[in-house]
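Residue-level structure breakdown
Here's the letter readout for the chains.
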Number of protein chains: 2
Amino acid sequence: MNHLHQAFSVRFTYNVFFTEQLFGHTNPLFGDFLKQQATDETRKKLLFVIDSGVVTAQPTLLADIKHYFAQDADFIEVIDDLVIIPGGEDAKNEPAFVEKIVDAVDRHGIDRHSYVAAIGGGSLLDLVGYAAAISHRGIRHIRIPTTVLSQNDSGVGVKNGVNYRGKKNFLGTFVPPVAVFNDSTFLTTLDDRDWRSGISEAVKVALIKDTQFFEEIEANAQALAARDAAAMQTLIHRCAQMHLDHIASGDPFEMGSSRPLDFGHWSAHKLEQLTNFEIRHGEAVAIGIALDTLYSQQLGWLTEAETNRVLTTLRTLGFSLYHPMLDANKSAGILKGLSEFREHLGGKLTIMLLKRIGLGVEVHEMDTELIRQAIATLRKYELSTTV
Amino acid sequence: MNHLHQAFSVRFTYNVFFTEQLFGHTNPLFGDFLKQQATDETRKKLLFVIDSGVVTAQPTLLADIKHYFAQDADFIEVIDDLVIIPGGEDAKNEPAFVEKIVDAVDRHGIDRHSYVAAIGGGSLLDLVGYAAAISHRGIRHIRIPTTVLSQNDSGVGVKNGVNYRGKKNFLGTFVPPVAVFNDSTFLTTLDDRDWRSGISEAVKVALIKDTQFFEEIEANAQALAARDAAAMQTLIHRCAQMHLDHIASGDPFEMGSSRPLDFGHWSAHKLEQLTNFEIRHGEAVAIGIALDTLYSQQLGWLTEAETNRVLTTLRTLGFSLYHPMLDANKSAGILKGLSEFREHLGGKLTIMLLKRIGLGVEVHEMDTELIRQAIATLRKYELSTTV
Ligand SMILES: NC(=O)c1ccc[n+]([C@@H]2O[C@H](COP(=O)([O-])OP(=O)(O)OC[C@H]3O[C@@H](n4cnc5c(N)ncnc54)[C@H](O)[C@@H]3O)[C@@H](O)[C@H]2O)c1
Ligand SMILES: NC(=O)c1ccc[n+]([C@@H]2O[C@H](COP(=O)([O-])OP(=O)(O)OC[C@H]3O[C@@H](n4cnc5c(N)ncnc54)[C@H](O)[C@@H]3O)[C@@H](O)[C@H]2O)c1
Ligand SMILES: [Zn+2]
Ligand SMILES: [Zn+2]
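Residues numbered from 1 in each chain as written. Chains lettered and ligands numbered in written order. Predicted model: local features only at pLDDT ≥ 70, side-chain atom pairs only at ≥ 80, totals over all residues. Heavy atoms only, no water.

1. Some points on the overall build of chain A
- Looking only at helices and strands, one finds 16 helices and eleven strands in chain A.
- Computed over C-alpha atoms, the radius of gyration of chain A comes to 21 Å, within 12% of the 21 Å expected from 2.2 N^0.38 for 387 residues, which places it in the range of a compact globule.
- Principal-axis analysis of the C-alpha atoms gives chain A an extent of 65 × 65 × 35 Å.
- Scored against the burial criterion, the 387 residues of chain A give a buried share of 61%.
- Summarising the internal contacts of chain A: among those between residues at least 6 apart in sequence, 77% fall at separations of at least 24.
- Taken as a whole, chain A presents about 14400 Å² of accessible surface, with 51% of it coming from carbon and sulfur. (Helix = DSSP H or I, 4+ residues; strand = E, 2+ residues; numbered from the N terminus. Rg over C-alpha atoms; globule rule 2.2 N^0.38 Å. Buried < 20%, exposed > 50% of the residue type's maximum accessible area, 1.4 Å probe, protein only. Contact = heavy atoms within 4.5 Å. Areas by Shrake-Rupley, 256 points an atom, 1.4 Å probe, with all protein chains shown as cover.)

Structure below.
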């Protein structure tokens, strides 16, 4: 057969830094990173895009950034015009925000060797990562995640995306950042829901991969719920590490059908949509974990005791484990999440369930009746544990 | 310093097949490719997006495609709705076409293991490649290039893109196709301009990399101009091979500043824009090559004899080597292409020039006065060689 064969590999590397007060004038970390990258004669530019929720919660942030780069920053040209975009899922729902960033890239002449730095929650990061990925076929993207979820999960990974006609993450790409700066100071102003929300991703990764990590979360559940900063740092560091390892050792751009880190997510994604994104991603994931944990027990994989440990840990962390939308349309609503999940991943349906705490196993079908039973159990459990 | 390090590689492979009558019912190539990919239980889908210019020029194409998949194609589900989009640069200028494809992906449930196949010129391929790359974070993309340029250059590479607010390729990504099918039959209906246009990319790659290939083109210039199909097949095969080798051995996603294959392109891109895309990309590239060849001679790198061989070959192929827009605004127009080129690439200005025929060398600045002289020489040369 007359053909030419092409084969090549592309290498990606980046660091995830842990710090406090990233823009404090005595913290050299961010500046040092930029200096190290400043290899040739060209002066690179840096465009900030910032989550409005962070700007409101941290009123000195904008001034701190300007001040940070005020002294002789001849290694970088920081664009004066700091682009501020509403945080939360709105950032991903409105196509005009993609254009707003792309237009700023154009207006300020940000090239492929310059940077777009995003400061914000997972939603804002997903939006900015996407806009940076498609501008000039990819501008260097720095992530400065400001929520628990984005510091331990979404912000350290390789995915970005926006919603399209209400469909979650319908548009997006796989593009790693050039650096991630996890600044614990940001977390202090999170409201309780957002503080808690990100913990469910850590519970998820622990349940499918690491018994000991689950036991730590279980032991620290009360401290975490009470906003213990040290317990949170430990959790974020460990979870980020697991996330990075998972990406590097597996299928970084998800070309196969397997997607273990989506444990609990088939129902979570649908629940977010069914509630018009009124519940947070992490809140939906907590419910999704509870549902698939119960399902795993019904299959005879998890013992009742193990199941209770999972549910109790999630409850102690402060999560609700039931939402009325689980029962909407006699569960046709949430069940539709299964086919949408398959469609988004492509290939055959692949769902992670729990063989035991710390060990996920994939299945390729789920029984509708068993899912309904699990939902009924969750409803009762929630009633019985709500004071 | 407290940080985590991430590093991984992603491997990409694909074949470029050469064939005739791809959708002839006795040609098993395309069907065999799809069958080989059909590994698991799921039935994959295939969405065609087709260049309207090809549909007009090859009136049996749509029926041929339907017929090709009519018999027991249980390994693939071909979406009945063949999406047809105006060919040429219009395809890349109108944002609604991206949406049209993304909406078809949504409507027909094309997932990440299904295919979007594009049949058309480089413009349509760039558009479809982009839409496929951003849908669901990347759907498998098959390219069926129908012009000389797309068969020997753009269609076998890893780039896609659309124009944004008139800016050429402002939005795009680097994503390889899963397969390319170069069907020589398509070339028979090209108009002379499009037949010729793609040859300039072969001249370009020969000039910077391969003396012998240039000599072949030089020897075959008249045959090529007279639409000799065999000479064209040889040229396309060799040029595609060089293009693939270049990508695999270099910097596939162009993370550095060097972009040797953009020889002649800094002025070409600008000229396309200045003429409102009235001249073809390849026509602009021929002028760009002539310009930078003269500039190389002015630097004392090329001899006058070598320079004449290049200009004569381009003229014999039928290219015009001058356009009035080169002189628009006392050349401020075309010179702006230099800064825009730097900006699009990022980093410092890097321009490929010719040390000799078959050897390109990069420089980091160009002299405005010398460019003006080269333009003046081109104007005179064009006048003296036009009958
Ligand atoms: N790309 C991925 O791999 C990936 C993985 C998981 C989740 N996600 C996405 O992440 C998004 C959720 O992100 P999230 O949970 O970080 O929430 P979020 O980004 O939606 O932010 C929630 C709210 O917190 C505010 N906020 C952010 N930082 C703050 C701070 N430091 N102080 C006060 N308020 C602050 C925001 O303005 C917003 O109102 C979802 O869209 C989800 O799909 C992406
Ligand atoms: N992605 C890359 O790496 C890359 C590289 C070089 C060029 N390009 C892009 O490719 C585009 C130019 O592509 P092109 O030169 O193939 O032209 P084109 O795609 O613009 O097509 C030119 C015309 O030919 C028609 N046509 C296509 N195939 C035909 C056929 N078989 N018979 C009759 N008519 C046919 C089209 O409808 C159109 O009217 C430019 O946008 C350029 O920027 C991309
Ligand atoms: Zn998640
Ligand atoms: Zn070109």
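Once the structure has been displayed, the description carries forward.
2. What about the pairing of strand S6 (residues 140-145) of chain A?
All names here are of chain A.
- Most of S6 sits out of view: six of its six residues are buried.
- Pairing between strand S5 (residues 115-120) and S6: six bridges, direction parallel. Bridge pairing in S6 places glycine 120 opposite proline 145.
- In terms of handedness, the path from S5 via helix H6 (residues 122-134) over to S6 forms a crossover that is right-handed.
- Where S6 lies against strand S9 (residues 179-183), two bridges are found, and the strand directions are parallel. The residue of S9 that forms the bridge with arginine 143 is valine 180. (Pairing = 2+ DSSP bridges. Right-handed = clockwise from strand over helix to strand, strands pointing away.)

3. Structural notes on the coordination of the zinc ion (ligand 3)
All names here are of chain A.
- At this site the zinc ion (ligand 3) is bound by Glu201 (OE), His265 (NE2) and His281 (NE2), with donor distances of 1.9 to 2.2 Å.
- Counting gaps between the donor residues of the zinc ion (ligand 3) yields the pattern E-x63-H-x15-H. A residue pair is termed long-range when its members are at least 10 positions apart, and histidine 265 in helix H12 (residues 265-274) and histidine 281 in helix H13 (residues 281-298) qualify at 16 residues. Each member of the pair, histidine 265 together with histidine 281, is buried. (Donors = N, O, S within 2.8 Å, 3.2 Å for Na, K, Ca; no water.)

4. Remarks on the pattern of salt bridges
- Tallied over the entire structure, the rule returns 49 salt bridges over all chains.
- Salt-bridge contacts for aspartate 327 of chain B lead to arginine 379 of chain B; the nearest nitrogen and oxygen are separated by 2.4 Å. With a gap of 52 residues between them, aspartate 327 of chain B in the loop between helix H14 (304-317) and helix H15 (332-345) and arginine 379 of chain B in helix H16 (residues 368-385) connect regions that are remote in the sequence.
- Salt bridges sharing common partners tie together Glu89, Lys168 and Glu272 of chain A. (Salt bridge = Lys/Arg side-chain N within 4 Å of Asp/Glu carboxyl O.)

5. Some words on the domain arrangement of chain A
All names here are of chain A.
- One can read the domain layout of chain A as domain 1 (15-189) and domain 2 (192-386).
- Centre-to-centre, using C-alpha coordinates, domain 1 lies 28 Å away from domain 2.
- If you look at the interface, domain 1 gives 23 residues, while domain 2 gives 29 residues.
- In total, about 2100 Å² of surface goes out of reach between domain 1 and domain 2, with carbon and sulfur atoms giving 67% of it.
- Considering only the surface of domain 1 that becomes buried against domain 2, Val148, Asn152 and Phe174 emerge as the three largest contributors, covering 26% of it.
- Where domain 1 touches domain 2, the interface holds three salt bridges.
- Residue lysine 159 pairs with glutamate 254 through a salt bridge whose shortest N-O separation is 3.2 Å.
- Between the two partners, domain 1 and domain 2, sit five residue pairs in polar contact (both at pLDDT 80 or more).
- At the level of secondary structure, the elements contributing two or more residues to the side of domain 1 that touches domain 2 comprise strand S1 (3-19), helix H7 (148-152) and strand S8 (167-171).
- A total of four residues in the side of domain 1 that touches domain 2 trace back to one element, the largest contributor, which is H7. (Domains from an automatic or database assignment. Buried area = accessible area lost by both parts, 1.4 Å probe. Polar contact = N/O pair within 3.5 Å; in protein donor to acceptor, adjacent residues only side chain to side chain.)

6. Focus on the interface of chain A and chain B
- At the interface, 72 residues of chain A touch 72 residues of chain B.
- Between chain A and chain B, roughly 7000 Å² of surface is buried when both sides are summed, and carbon and sulfur atoms account for 53% of that area.
- Among the residues of chain A in contact with chain B, Leu4, Phe8 and Arg137 of chain A are the three that bury the most area, contributing 14% of the side total.
- On inspection of chain A and its partner chain B, the count reaches eight salt bridges.

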